Amino acid sequence: MRAAILTDVSKCIGCRECVRACKLANGLGPELPHRWNLADGLSARSWTSVVEGPRGSFVRKQCRHCLQPACVSACPVGALRQTDSGAVIYDRERCMGCRYCMMACPFGVPRYEWDQPVPYVRKCTLCLQRLRAGQRPACTEACPTKATVFGDRGRLIEEAHRRIRERPELYWPKVWGEEEVGGTSVLYVAPVDLTALLAGRPLEEAPLPERTRAAMQAVPFAFTGVVATMAGLRWVIERRMKRQAEEGDE
Amino acid sequence: MSRVHRLKLALWAVTGLAGAVAAARFLFGLGVTTNLSDGVPWGFWIGFDVMGGVALAAGGFVVTAAVYIFRLERFHSIVRPAVLTAFLGYLAVVAGLLFDLGLPWNIWHMVVFWNPHSPLFEVGWCVMLYLTVLALEFFPVPAEQFPRLAAVRRALLRARIPLVIAGIGLSTLHQSSLGSLFLIMPYRLHPLWYTPWLPVLFLVSAVGLGLMMAVFESHLTAWLYGRRPETEALAALGGATRWVLLLYVALRGADLAARGQLAWLVRPGWRTAMFWAELGLMALLPAALLFVPAVRRSRAGQWTAAGVGVLGTVLNRINVGGLAHLGRGDQFYVPAWTELAASAGVVSAAALAFLFMVEKFRVWEERPADPEADPLKLPELAPVGATWLGPPAVAGRTLYSLSFLLAAALGLALLEPVSASGRGVERMAARRARGGEVLWVDGNRDGYGTAFPHEAHQKREGGKASCPLCHHMNLPGDRHSGCFECHRDMYLASDAFRHDWHASPRGGRVACWRCHAEGQPRRAATARRCLECHKDLTPPGATIAVRQYRAPGYVEAMHRWCVGCHVRRAQQMNKPDLGRCTACHRERRQWPEQLAAGRSEAGPAGKRLLLPAWSAP
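Only a predicted model underlies this, so the values are computations on that prediction, with no experimental measurement involved.

**Quick look at helix 14 (residues 299-323) of chain B**
Residues and elements named next belong to chain B. A rise of 1.5 Å per residue sets the reference length of helix 14, with its 25 residues, at 36 Å; its end C-alpha atoms lie 34 Å apart and thus fit the reference within 8%. Of all 25 residues making up helix 14, 19 are buried, and the element is well covered by its neighbours. Two to three positions downstream of the cap, the backbone nitrogen of glycine 301 sits 2.9 Å from a side-chain oxygen, assigning the N-cap of helix 14 to serine 298.

In structure tokens form, the structure reads like this:
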């Protein structure tokens, strides 16, 4: 099973029980109004937040748990990895604090403990510890209106399309997270266009790690090529210089 | 004082300033010493120290390639300084990176935890290996002066060609991979810069910069030590540079055209301006200058072309590294002075190391004579105080230490209280709740408050007897102190007990021994209890034992007190909504009834505050 969350914006009443449940389940402290916090409410101490979307809608933000995560591909020490269930998690023991994951994430999700002398990257783990114990993520359990539900990704996508099909007058005809950047495990359906709110601008379907793959695959060839060319050039030039010197002697 | 000495004095001062910044950075974290944020996680330290630093150190592989591969013997005189600059440059890159990394002591993780998909992993490895190669390439120079190292030196000289070739290979990789770093951020980097060809553009510009850096450095040190610059060899370097720069401009233009982004070139905006400034400085202007033969051969021409080119390329790296990004939200990043100071300090330290090396070892054909080492010279008096500080070497060291320490002290003084205390949250005084039957609780007066039905609570909880439920402690002589009087800051804990006021002769005039018994350590734990003097500090039936002297912040106190009670009652009364945030926070930005007749005033962060009619004007 691929763990996934479907958030139906039309059902969200903005009560922020999910935010509270997340804080309790993950032992996150109270939020302080720091300079480095963004307006979307996510931070090292808030792994999910509810922002006000267009036309009075409420949109819950959290890590999207991409199927092909840019952060995992970017991390030089493999501190971020994807579990079998699809959750993208962070290993603080490996991290060295380069923050490349924060730069790479197309949704700008990972947040940093800027106020700590020993800072770590913090983000939603899809409540991995609860998944392992056979429970649902805390946010989906806390939601009083079932606006955010947990399940298998394939089933949730079917469910999302079913909702859109049944009430086309209510829903925007798109399941966010189904295709962009290779698909994400956290899906959205909404009565409004969420593109700008979730990612800042439209995302293409190509997964981001593919963009670096070509360059990285060229590395060994580039190295061998450059070294061979340089050695060859040196040999040729050396020989020519020797010959010139000999001719000069004669 | 000579030019060199004045420069060293300045470099030591900048290093001292950076030392103060470094202390704050490593004690209190990145948040208070930089302007980085969740929206801008990479800033000046990555753009300048790392990306700019690696590019600036490109002279090493370019010049060694010219001399040892292409056998251009006329450049032989600049090989040693170029390799030394590259070596120190890479050391500076690593030092700068230690500032920027959140967990710098984990930098070795790259050696054991591998992720070959990551361009940063590749850059890290290449930099480590190339640093080793550079050390081995340069080691024979200082080894000349130590006869014991002759065998090592000979072995290294024999391995020179393989080392040079490995260095060129490694440089090609990581100079280009620094561009690959940004391939994964198509939605972040501005379209004027984002292209799949970034690695190639980075490599070509690094070659150009390496050449210009060699020219620039040669002239700078010539000016400094009164050496003769290698003007003719440098003119030849300039000749090669112009073609590289031309190639770069062509690549950049072709790439923009192929991606259909040419329209950006004329669209007004600061990013377009940055693009033109960058391209003009790094390639167009130096190439144009170098195509004029007279300019190419003149000292001033070489200086200008190389200096401008170096500046432009560094600007390019800063742009790609963080400046020309499409920010998240409306965050605009300007480096903090502490960031600039740390970077300047790292560069200064590297420059000092460079000057040390050229003075002690045969980096140039002839070692520069120390202008003050003349034994027949008259003693010189220090400009301030007109004292003789000893022989020049000692006097120099005294002055350098002094300038380092003074600058470090200045740096510590300049650090804001926020960066010195490390919380990153500014103090914000909490203010009194307003109203009567219904209290408007909005400690920071930002308009978002909660209307607390005070009288209703009082009645429900049992009249006057219920006061101590919330008013758990009152100031001496006060019957119901407001929450804000002890919980004085909105978010930070503050002292409920004013120790200094008690001790001050103009305040409480309480002698130390009244609270701290003789022979006891003077600590809060061993001091006399407040209640022993202030009998009325807690009301009868108080729900708090006065042990703590630190009162939690206003928000935390209110939440803890109200929510704790509400959650308990929610269970007792089976009213689940009572424990939820929305029970009190109803997204109400206005004082309910009285507000209609109220007035408004400017509040923090440009918000309009609506104040109730009875509030004092």
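**Things to note about empty space enclosed by the protein**
Residues and elements named next belong to chain A. As enumerated under the stated definition, the model contains 12 cavities of 30 Å³ or more in all. Estimates place the volume of the largest cavity at around 120 Å³. The wall of the largest cavity is formed by 14 residues, among which Cys12, Cys18, Cys143, Ala147 and Thr148 lie closest to the centre. Across the lining of the largest cavity, the residue classes tally to seven nonpolar, four polar and three charged.

**Focus on the pairing of strand 3 (residues 58-61) of chain A**
All names here are of chain A. Here strand 2 (residues 49-52) runs beside strand 3; their pairing, made up of four bridges, is antiparallel. Bridge assignment links valine 50 to a residue of strand 3, and that residue is arginine 60. Between strand 2 and the antiparallel strand that follows it, strand 3, lie five residues; arginine 55 among them carries a positive phi value of about 50°.

**A few points about the interface of chain B and chain A**
Note: interface size is frequently given as the accessible area lost on complex formation between the parts. Across the contact, 74 residues belong to chain B and 70 residues belong to chain A. Where chain B meets chain A, there are three salt bridges. The partner of Glu238(A) in a salt bridge is Arg71(B), and the shortest N-O contact between them spans 2.3 Å. Counting only elements with at least two residues in the side of chain B that touches chain A, the list comes to helix 1 (3-28), helix 3 (59-69), helix 5 (109-112), helix 6 (119-138) and helix 9 (160-180) of chain B.

**Re the packing of helix 4 (residues 79-100) of chain B against helix 6 of chain B**
Helix packing geometry: the angle between the two helix axes and the distance between the axes. All names here are of chain B. Interaxial distance between helix 4 and helix 6 falls to 9 Å at its minimum, and their mutual angle equals 145°. Of the two elements, helix 4 crosses helix 6, and the hand of that crossing is left-handed. Residue-level contacts link Arg80, Val83, Leu84, Ala86, Phe87, Tyr90, Leu91 and Val94 of helix 4 to Val127, Tyr130, Leu131, Leu134, Ala135, Glu137 and Phe138 of helix 6.

**Focus: the confidence of the model for chain B**
Residues and elements named next belong to chain B. The share of residues in chain B with pLDDT of 70 or more is 90%, and the mean pLDDT across the chain is 85. Long-range and interchain partners of residues 594-600, a stretch whose pLDDT sits below 50, account for 20 contacts in this model, where long-range means more than four residues apart. Confidence over residues 603-617 falls short of pLDDT 50; this stretch has 42 contacts with residues more than four positions distant or in other chains. In the predicted assembly, ipTM is 0.92 and pTM is 0.85.

**Digging into the pattern of salt bridges**
All names here are of chain A. Evaluation of the coordinates by the stated rule reveals 30 salt bridges over all chains. Note that lysine 174 is salt-bridged to glutamate 180, the shortest N-O span being 3.8 Å. Since its relative accessible area comes to 8%, glutamate 180 is described here as buried. Across the salt bridge formed by glutamate 238 and arginine 234, the nearest N and O atoms sit 3.4 Å from each other. Remark: arginine 234 and glutamate 238 occur in helix 8 (residues 209-249); sequence separation between them is four residues, near one turn of the helix. Judged by its relative accessible area of 23%, glutamate 238 falls in the partly exposed class. With relative accessibility at 18%, the residue arginine 234 sits in the buried group. One network of salt bridges, with partners in common, ties together Asp8, Glu159, Arg162, Arg163 and Glu166.

Thresholds applied
- Residues numbered from 1 in each chain as written.
- Chains lettered and ligands numbered in written order.
- Predicted model: local features only at pLDDT ≥ 70, side-chain atom pairs only at ≥ 80, totals over all residues.
- Heavy atoms only, no water.
- Helix = DSSP H or I, 4+ residues; strand = E, 2+ residues; numbered from the N terminus.
- Expected span 1.5 Å × (residues − 1).
- Buried < 20%, exposed > 50% of the residue type's maximum accessible area, 1.4 Å probe, protein only.
- Polar contact = N/O pair within 3.5 Å; in protein donor to acceptor, adjacent residues only side chain to side chain.
- 1 Å grid on protein atoms, 1.4 Å probe; cavity = no way out; pocket = protein on both sides within 12 Å on 5 of 7 lines; lining within 4 Å.
- Points joined across faces, edges and corners; volume = space filled by probe spheres on them.
- Nonpolar A, V, L, I, M, F, W, Y, C, P; charged D, E, K, R; others polar.
- Pairing = 2+ DSSP bridges.
- Contact = heavy atoms within 4.5 Å.
- Salt bridge = Lys/Arg side-chain N within 4 Å of Asp/Glu carboxyl O.
- Axes fitted to C-alpha atoms, helices over the stretch in contact; angles between N-to-C directions.
- Left-handed = near helix turned anticlockwise from the far one by under 90°.
- pLDDT = per-residue confidence, 0-100.

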